[in-house]
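So you can see what is in the structure, the chains are spelled out below.
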Amino acid sequence: MTNSFSQTAGGPDWEPQRQIVEAAQAGDLEALGALYDNHINQVYRYSLARLGNIHDAEDVAEEIFLKMLAGLPGYQWRKVPFAAWLMRIAHNEVISFTRRNGKRARDTDLPDEIVDRGNDDPAEATERLLAIEDLRRAVVLLPEAQRDVIILRFAAGLSVADTARTLGKQENNVKVLQHKGMQRLQVLMTPKYPELARRQQ
Amino acid sequence: MSRDDRLAQLLQECVAAYETGLSPEECLSAFAADRTALEPLFRQALSLRFAFASAPAEEFIRRTKERLLFAAGHEVSAAFALEPAPEFTARARHKLVQTAGATAREALRAVPPPRLPFWVNARRRLLEAAALGARPAVRPMALALRAGFSAAVVVLAIAATGLAYVVLQSGTPAIADELDILIEETNVVQQKLDAGEDVAVTVIVNLTERTNDLVQKLGDDVSPPDSEKLQDLIQQQEEIVEQVSGDEPAPELAEAKQNLDEASEKVTALALADSSPTATPEASAEPSAAVAGSPAATTPQPAPTTFVLLADQIYFSAEPGDATAGLTWRRAKTLGVSFVLPGSWKASGLAINLDGVLPYDVDTLRVDGPDGEADVTLLINLKNGAITALSGGEQIRARRGGVLGEIISQAELTTKLGSAGAVVYHIAASMEVALPPTPTPEPAPTETPATP
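Here the structure is a predicted model, which means the values were calculated and not measured. (Residues numbered from 1 in each chain as written. Chains lettered and ligands numbered in written order. Predicted model: local features only at pLDDT ≥ 70, side-chain atom pairs only at ≥ 80, totals over all residues. Heavy atoms only, no water.)

A short note on the overall build of chain A
Phase 1 of the analysis: Check the secondary structure of chain A and you find 10 helices and zero strands.
Phase 2 of the analysis: N-terminal to C-terminal, the α/β element order of chain A is α-α-α-α-α-α-α-α-α-α.
Phase 3 of the analysis: The burial tally for chain A puts 51% of its 201 residues in the buried class.
Phase 4 of the analysis: Within chain A, contacts between residues at least 6 apart in sequence are counted, and of these 63% link residues at least 24 apart.
Phase 5 of the analysis: Here chain A has roughly 9,600 Å² of accessible surface; of this, 48% comes from carbon and sulfur atoms. (Helix = DSSP H or I, 4+ residues; strand = E, 2+ residues; numbered from the N terminus. Buried < 20%, exposed > 50% of the residue type's maximum accessible area, 1.4 Å probe, protein only. Contact = heavy atoms within 4.5 Å. Areas by Shrake-Rupley, 256 points an atom, 1.4 Å probe, with all protein chains shown as cover.)

Laid out in structure tokens, this is it:
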């Protein structure tokens, strides 16, 4: 899977990605499939982080790619990187889905791949998993602007620049929102996990 | 660049390095100068990455990808655009033939092209004709063939009708049928002449001769057919004779003209007789006298061309259009009533199956059904039309007297008389009673039929 953390339009590393997008626009099925493969995790994680429900996340992720297909002929690489353009679709679709369906129950169980990640110490692993679960809940408590930035940056893996393009904000504004959001998360997490907060400090 | 901007940039680079496979410690070591400020952000960022690192299910990824590609339409069109390999087609056909056997082999041998609906060809021809605008050019060969076929059709038609005529002549052909045959033949000749084709004079002479023979038979032992048809036929044949005569008519046409003149004279006389059935009393003197002295005669006198039906006379005639109950019917008519009777029944010893005028001297006519077929006796009042049926000692009022006499239902008659019920009902239903007589001049004493 392609690393989405350093996506910046115009860079030499993005020439293969650009060729894929242009081939998909020309009707190349394999290119379209490659686009999907490169961005499905990104889209899904973003949807899950925003909606907190696996089923809703799957529905929305599927709808996002169909919207991507519909808008692909009109996409212009020079104006905005593809990942930013795709996540803008995702952002709008999540908002639309939430407006249509309201706030639904969030899954309490962590995904298996997160549970499996831990060290060999069961106690520490359990504590860490609980901390991660609480961190997800804490993100939801962030102000909307900070939450959007945090999720796009760390769930979708967008760069600051792409996050700014996705949200239609200045990069500096995104950096400020990210910094404030992370500080607030520390505040929210410290009373419950002082050791974790201490280690992070 | 502010401190926060710098930390954000370092954080992004540190996370990117972590994504490439470096451990967190290795990542932080790369930024040793800013480690103190960067480490808490980096660890929290990693925590957030872990928190949202859930990957979609493989099944979801596969399904969504299929739907995406399906929506793209390329797979669908590609799937339908695929054609089987020729080797596969041949192999499958051979396998099918071997499996299905002879029937399938025969069916697959030559499949006819689908037949176009008739209106497709009709529409095409119509459009072609409209495009041409004018009649197609005359082709001599086609014209000759068409003329030849037309002549053949005429000859065949005449031969067929002539054969029918001969066959009918051997028996007792109906006058109407013979008349129809003559009309048809005459029309064929007329059409041929209108098309500019030649018609043999002998054919025309034959037509006029047969027409005259038919007319001359009228009034002998058959009822006259529609006189208008006869007059039209004779007139059409006269026109045909005129048409083929030209400046120098063939000698045979004189015979045809003579035939038509004789026929026309006879038809005119019949028409006059038919148009004056109640002629003046003077005109009936001779036939009345002929029957006056023979009240008990059982043989009807031939109906003259003009006669007056007097009181105490009954006139029998054919009713060719009536085949009720599969019987041949005759109509009996007096001055007061008119009704039909089966030709096989007996009316007080009178032979009702022959045309003609018979005298009668009773007010009630007795009609008996044929022995062994209908054990029914009818008493028909010739004054008021009342009909009483006697069967098995039972007396049944089939029709009450009067102009509007009530008729018993056919179902009731059938219940009481069996199969004869339908016959009796038809007799009763056919009864027509004349309105009360208006004052008429008294006939001369010599013209009054004598009563026995």
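Things to note about the overall build of chain B
Phase 1 of the analysis: Per the secondary structure count, chain B includes 16 helices and 10 strands.
Phase 2 of the analysis: For chain B, the proportion of its 452 residues judged to be buried stands at 35%.
Phase 3 of the analysis: Taking contacts inside chain B between residues at least 6 apart in sequence as the whole, the part at least 24 apart equals 54%.
Phase 4 of the analysis: For chain B, the exposed surface amounts to about 26,900 Å²; the carbon and sulfur share of it is 57%.

Digging into the interface of chain A and chain B
Phase 1 of the analysis: Contact residues are listed per partner, giving 48 residues for chain A and 37 residues for chain B.
Phase 2 of the analysis: Where chain A meets chain B, there are two salt bridges.
Phase 3 of the analysis: Put simply, chain A and chain B have four residue pairs in polar contact (both at pLDDT 80 or more) between them.
Phase 4 of the analysis: Elements supplying a minimum of two residues to the side of chain A that touches chain B: α2 (29–51), α3 (54–71), α5 (112–116), α6 (122–141), α7 (144–155), α9 (171–189) and α10 (194–200) of chain A. (Salt bridge = Lys/Arg side-chain N within 4 Å of Asp/Glu carboxyl O. Polar contact = N/O pair within 3.5 Å; in protein donor to acceptor, adjacent residues only side chain to side chain.)

With respect to the sheet that holds strand β3 (residues 337–342) of chain B
All names here are of chain B.
Phase 1 of the analysis: Read from one edge of the open sheet, five strands run β5-β1-β2-β3-β10, paired in antiparallel fashion. Only two strands of the sheet have a single partner each, and these edge strands are β5 (356–359) and β10 (432–433).
Phase 2 of the analysis: In this structure, strand β1 (residues 313–318) lies alongside β5, joined through four bridges in antiparallel fashion. The partner of Tyr315 across the bridge, within β5, is Val357.
Phase 3 of the analysis: Strand contacts of helix α16 (residues 420–430): β2 (329–333), β3 and β10, with the helix running at about 160° to β3, the strand carrying the most contacts. (Pairing = 2+ DSSP bridges. Axes fitted to C-alpha atoms, helices over the stretch in contact; angles between N-to-C directions.)

A word on the packing of helix α1 (residues 3–19) of chain B against helix α3 (residues 35–51) of chain B
Residue and element names in this part refer to chain B.
Phase 1 of the analysis: Contact pair α1 / α3: the axes reach a minimum separation of 10 Å and the direction vectors enclose 50°. In terms of orientation, α1 lies oblique with respect to α3. The handedness of the crossing between α1 and α3 is right-handed. Residues Arg3, Leu7, Leu10, Leu11, Cys14, Val15, Tyr18 and Glu19 of α1 form the contact with α3, whose own contacting residues are Ala37, Leu38, Leu41, Phe42, Ala45, Leu46, Arg49 and Phe50. (Parallel < 35°, antiparallel > 145°, perpendicular 65-115°, else oblique. Left-handed = near helix turned anticlockwise from the far one by under 90°.)

Some remarks on the packing of aromatic side chains
Phase 1 of the analysis: Applying the stated rule across the entire model yields six aromatic pairs over all chains.
Phase 2 of the analysis: On the basis of an interplanar angle of 45° and a centroid distance of 5.8 Å, the ring pair of Tyr44(A) and Phe60(B) is categorised as tilted. Of this pair, Tyr44(A) sits in helix α2 while Phe60(B) sits in helix α4 (residues 58–72), on two different chains.
Phase 3 of the analysis: Classification of Tyr44(A) by relative accessible area gives buried; the value is 2%.
Phase 4 of the analysis: Chaining the aromatic ring pairs together yields one cluster made of Tyr75(A), Phe82(A) and Trp85(A).
Phase 5 of the analysis: The ring of Phe154(A) carries the charged tip of Arg153(A) above its face, separated from the ring centre by 5.2 Å. (Phe/Tyr/Trp six-rings, centres within 6.5 Å; stacked < 30°, edge-to-face > 60°. Lys NZ or Arg CZ within 6 Å of the ring centre and 35° of its normal.)

Considering a negative patch on the surface
All names here are of chain B.
Phase 1 of the analysis: Residues Glu238, Glu239, Asp261, Glu262 and Glu265 make up a contiguous surface patch of negative charge.
Phase 2 of the analysis: When contributions to the negative patch are tallied by element, the ones reaching two or more residues are α12 (227–245) and α13 (251–275).
Phase 3 of the analysis: Of all the elements, α13 adds the most residues to the negative patch, at three residues.
Phase 4 of the analysis: As for its placement among the helices and strands, Glu238 is situated in helix α12. (Patch = residues over 30% accessible without salt bridge, like charges linked within 9 Å, V, L, I, M, F, W, Y side chains within 5 Å. Lys, Arg positive; Asp, Glu negative; His and termini not counted. Charge placed at Lys NZ, Arg CZ, Asp CG, Glu CD.)

Section: the confidence of the model for chain A
Residues and elements named next belong to chain A.
Phase 1 of the analysis: Scored by pLDDT, chain A has a mean of 78; 75% of the residues are at 70 or more.
Phase 2 of the analysis: Confidence drops under pLDDT 50 across residues 1–10; counting only partners more than four residues distant or on other chains, this segment forms 33 contacts.
Phase 3 of the analysis: With pLDDT under 50 throughout, residues 113–118 is counted as low confidence; its partners more than four residues away or in other chains account for 14 contacts. (pLDDT = per-residue confidence, 0-100.)

Considerations on the side chain of Asn381(B)
Residue and element names in this part refer to chain B.
Phase 1 of the analysis: Position of Asn381 relative to the elements: it lies in strand β7 (residues 377–381).
Phase 2 of the analysis: A polar atom in the side chain of Asn381 sits 2.7 Å from the backbone nitrogen of Lys383.
Phase 3 of the analysis: Residues within four places of Asn381 in sequence aside, it is in contact with Val337, Asp363, Thr364 and Ala386.

Quick word on α3(B)
Owing to its 3.6 residues per turn, the α-helix brings residues three or four apart onto one side.
Phase 1 of the analysis: With 17 residues, α3(B) should cover 24 Å at 1.5 Å per step; its first-to-last C-alpha distance of 23 Å lies within 8% of that length.
Phase 2 of the analysis: Among the 17 residues in α3(B), 13 count as buried, and that is most of the element. (Expected span 1.5 Å × (residues − 1).)

Some words on helix α1 (residues 15–25) of chain A
Residues and elements named next belong to chain A.
Phase 1 of the analysis: Regarding α1, the residues found buried are Gln17, Val21 and Ala24. Each buried residue of α1 lies within a common arc of 65° when the element is viewed along its axis, so the set occupies one face.
Phase 2 of the analysis: Where α1 is buried, its residues touch α2 and α4 (82–101).
Phase 3 of the analysis: Where α1 terminates, the next one or two residues include Gly27, which has phi positive at roughly 100°. (Arc of directions from axis to C-beta.)

Here's the deal with the sheet that holds strand β4 (residues 346–347) of chain B
Strands pair in a sheet through their backbones, by hydrogen bonds, and they do so in one of two ways: parallel or antiparallel.
Residues and elements named next belong to chain B.
Phase 1 of the analysis: Pairing is antiparallel across the open sheet formed by five strands, whose spatial order is β4-β6-β7-β8-β9. Every interior strand has two partners, whereas the edge strands, β4 and β9 (394–399), have only one.
Phase 2 of the analysis: The pairing of β7 with strand β8 (residues 387–391) spans four bridges and is classified as antiparallel. Looking across to β8, one finds that Thr377 is bridged to Leu390.
Phase 3 of the analysis: Strand contacts of helix α15 (residues 410–417): β8 and β9, with the helix running at about 155° to β9, the strand carrying the most contacts.

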